[in-house]
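Observations on chain architecture
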Amino acid sequence: MRKFLLPAIFVIAAVVYSSVVVVTEGTRGIMLRFNKVQRDADNKVVVYEPGLHFKVPLIDSIKVLDARIRTLDGSATRFVTVEKKDLLVDSYVKWKISDFGRFYTSTGGGDYTQASSLLSRKVNDRLRSEIGTRTIKDIVSGTRGELMEGAKKALNSGQDSTAELGIEVIDVRVKQINLPDEVSSSIYQRMRAERDAVAREHRSQGKEKAAFIQADVDRKVTLILANANKTAQELRGSGDAAAAKLYSDAFAQEPQFFTFVRSLKAYEASFANSDNIMILKPDSDFFRFMQAPKK
């Protein structure tokens with residue numbers, strides 16, 4: 001009898017151990033009997049809250065599902081705006097399981113990879129619908145918030161909502177919006193052409209203003225030089241007149257001195273060039289001031 005006691009205790013302990021299931025915090029459990037989801041009297045899936053639970057060994061099993069908010073971060077996807085312009089939109093989705101039974105059955109036994117694939121498809125379809133009714137300007141700045149809020153509401157309550165997957169979308173966010181490479185290149189070329197046109201216009205206006213300023217400066221310089229020459233001529237004329245008057249007054253007082261000075265100037269002009277030849281009588285009146293004074 002005693003030799004069967006220890007194995008019996010071991011079997012009982014194993015049965016109890018296999019009958020106890022612990023559902024940890026942040027998760028929920030679904031009872032499966034022969035891999036079939038167990039339901040209550042109202043045909044609702046029984047969901048086990050975090051804590052200690054019991055099951056029938058070898059018959060029942062509990063599928064533990066994550067009840068926390070998860071993030072679906074996909075790659076950038078190409079969408080078309082109402083202007084028929086292509087955009088590369090990079091977005092992410094915050095979601096959680098709202099119906100654990102439906103989630104389990106619709107995702108092939110709670111397969112998160114399949115759930116992400118199905119959810120990503122619905123999100124892209126919804127974003128494509130929202131972006132297809134807006135312009136690039138609206139998406140980038142104007143109604144970007146409305147776009148995300150509209151996508152969230154449609155995913156939760158639309159015709160093709162995520163409720164059929166047992167998923168609730170908490171938030172939809174657009175991280176980045178880019179233009180495809182071929183579109184970006186054409187836009188940059190157009191922007192460069194526009195900037196070049198503006199630059200040429202500014203340069204043309206600058207040259208026009210520079211020519212106007214140069215012409216105005218030249219006019220002022222010419223006017224200043226003309227006034228200066230006029231003043232110089234007037235001063236020179238006044239000086240010459242004053243000098244002539246002084247000479248005239250002096251020569252009027254000494255006629256012989258005037259005759260002497262005039263003769264000296266005549267000598268200077270006549271003998272300025274060594275090649276000049278003059279044929280005159282020695283006693284000519286022209287040489288009178290070169291002759292020795294009479295005693």
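In what follows, the accompanying structure is described. (Residues numbered from 1 in each chain as written. Predicted model: local features only at pLDDT ≥ 70, side-chain atom pairs only at ≥ 80, totals over all residues. Heavy atoms only, no water.)

1. Re unusual backbone geometry
Non-glycine residue Lys84 carries a positive phi angle of around 65 degrees. One can find Lys84 in the loop between β8 (77–80) and β9 (86–97). (Helix = DSSP H or I, 4+ residues; strand = E, 2+ residues; numbered from the N terminus.)

2. Quick look at a nonpolar patch on the surface
Together, Phe212, Ile213, Val217, Val221 and Leu225 line one region of the surface with nonpolar side chains, adding up to about 490 Å² of accessible area. Counting through the fold element by element, Phe212 comes out in helix α6 (residues 181–253). Its relative accessible area of 63% is what places Phe212 among the exposed residues. (Patch = residues over 30% accessible without salt bridge, like charges linked within 9 Å, V, L, I, M, F, W, Y side chains within 5 Å. Areas by Shrake-Rupley, 256 points an atom, 1.4 Å probe, with all protein chains shown as cover. Salt bridge = Lys/Arg side-chain N within 4 Å of Asp/Glu carboxyl O. Buried < 20%, exposed > 50% of the residue type's maximum accessible area, 1.4 Å probe, protein only.)

3. Describing the environment of Thr81
Topologically, Thr81 is positioned in the loop between β8 and β9. Residues within four places of Thr81 in sequence aside, it is in contact with Leu87, Ile131, Gly132, Arg134, Ile136 and Ile139. (Contact = heavy atoms within 4.5 Å.)

4. Re the pairing of β8
Burial along β8 is one-sided: the residues Thr77 and Phe79 are buried and none of Arg78 and Val80 is. Where β8 lies against β9, 4 bridges are found, and the strand directions are antiparallel. The residue bridging Thr77 from the neighbouring strand is Val89, located in β9. Hairpin connection from β8 to β9: 5 residues lie between these consecutive antiparallel strands, with Lys84 at a positive phi of about 65 degrees. (Pairing = 2+ DSSP bridges.)

5. Regarding the nonpolar core
Counting 31 residues, the largest nonpolar core has Ile30, Trp95, Phe103, Leu127, Leu147 and Val172 as the members making the most contacts within it. For this core, the secondary-structure elements that each account for two or more residues are β2 (27–33), β9, α2 (100–106), α3 (112–131), α5 (144–157) and β10 (167–178). Ranked by the residues each element gives to this core, the list is headed by α3, at 6 residues. The contact partners of Ile30, leaving out residues within four places of it in the chain, are Val37, Val45, Val46, Ser61, Ile62, Lys63, Leu65, Phe100, Gly101 and Tyr104. Grouped together as the second largest cluster of nonpolar side chains are 5 residues, Val21, Val23, Tyr48 and Ile62 included. (Core = buried A, V, L, I, M, F, W, Y, C linked by side-chain atoms within 4.5 Å.)

6. Digging into the pattern of salt bridges
Within this structure, the stated rule accounts for 13 salt bridges. Taking the shortest distance from any N to any O, the salt bridge between Arg28 and Glu49 comes out at 3.1 Å. Taken together, the residues span a long stretch of sequence, with Arg28 in strand β2 and Glu49 in the loop between β4 (47–48) and β5 (51–54) at a distance of 21 residues. Glu49 gets classed as partly exposed once you look at its relative accessible area, which sits at 44%. Among the ionic pairs, Lys122 bridges to Glu164, the shortest N-O distance being 2.6 Å.

7. Overview of the packing of α3 against α5
Following both chains from N to C, one finds α3 and α5 inclined at 135 degrees, their axes separated by 9 Å at the closest point. Viewed along their axes, α3 and α5 adopt a mutual orientation that is oblique. Seen from above, α3 lies across α5 with right-handed handedness. Here α3 contributes Lys122, Val123, Arg126, Leu127, Glu130 and Ile131 to the contact with α5, which in turn contributes Leu147, Gly150, Ala151, Ala154 and Leu155. Partitioned by chemical class, the residues of the contact of α3 with α5 number 7 nonpolar, 1 polar and 3 charged. (Axes fitted to C-alpha atoms, helices over the stretch in contact; angles between N-to-C directions. Parallel < 35°, antiparallel > 145°, perpendicular 65-115°, else oblique. Left-handed = near helix turned anticlockwise from the far one by under 90°. Nonpolar A, V, L, I, M, F, W, Y, C, P; charged D, E, K, R; others polar.)

8. Details of α5
With 14 residues, α5 extends 20 Å between its outermost C-alpha atoms, agreeing within 8% with the 20 Å of an ideal straight helix rising 1.5 Å per residue. The set of residues buried in α5 consists of Leu147, Met148, Gly150, Ala151, Ala154 and Leu155. Viewed along the axis of α5, the buried residues span an arc of 165 degrees, placing them on a single side of the element. Summarising the geometry of α5, the exposed residues directed more than 90 degrees from the buried face are Glu146, Lys153 and Ser157. (Expected span 1.5 Å × (residues − 1). Arc of directions from axis to C-beta.)

9. Quick notes on α3
Taking 1.5 Å of rise per residue, 20 residues should cover 28 Å, and α3 covers 28 Å from first to last C-alpha, within 8% of that figure. Of the positions making up α3, those classed as buried are Ala115, Leu118, Leu119, Lys122, Val123, Asn124, Leu127, Glu130 and Ile131. Residue Asp111 occupies the N-cap position of α3, its side-chain oxygen lying 3.1 Å from the main-chain nitrogen of Thr113. (Polar contact = N/O pair within 3.5 Å; in protein donor to acceptor, adjacent residues only side chain to side chain.)

10. Re the packing of aromatic side chains
The geometry of an aromatic ring pair is captured by two quantities: the separation of the ring centres and the angle between the planes. Taken as a whole and assessed by the stated rule, the structure comprises 2 aromatic pairs. Measuring from ring centre to ring centre gives 5.7 Å for Phe103 and Tyr112, while their planes differ by 45 degrees; the resulting arrangement is tilted. The class for Phe103 is buried, based on a relative accessible area of 0%. An aromatic cluster of at least three residues, connected via ring pairs, comprises Trp95, Phe103 and Tyr112. In this structure, Arg70 is placed above the aromatic ring of Tyr112, and the distance from its NZ or CZ to the ring centre is 4.2 Å. (Phe/Tyr/Trp six-rings, centres within 6.5 Å; stacked < 30°, edge-to-face > 60°. Lys NZ or Arg CZ within 6 Å of the ring centre and 35° of its normal.)

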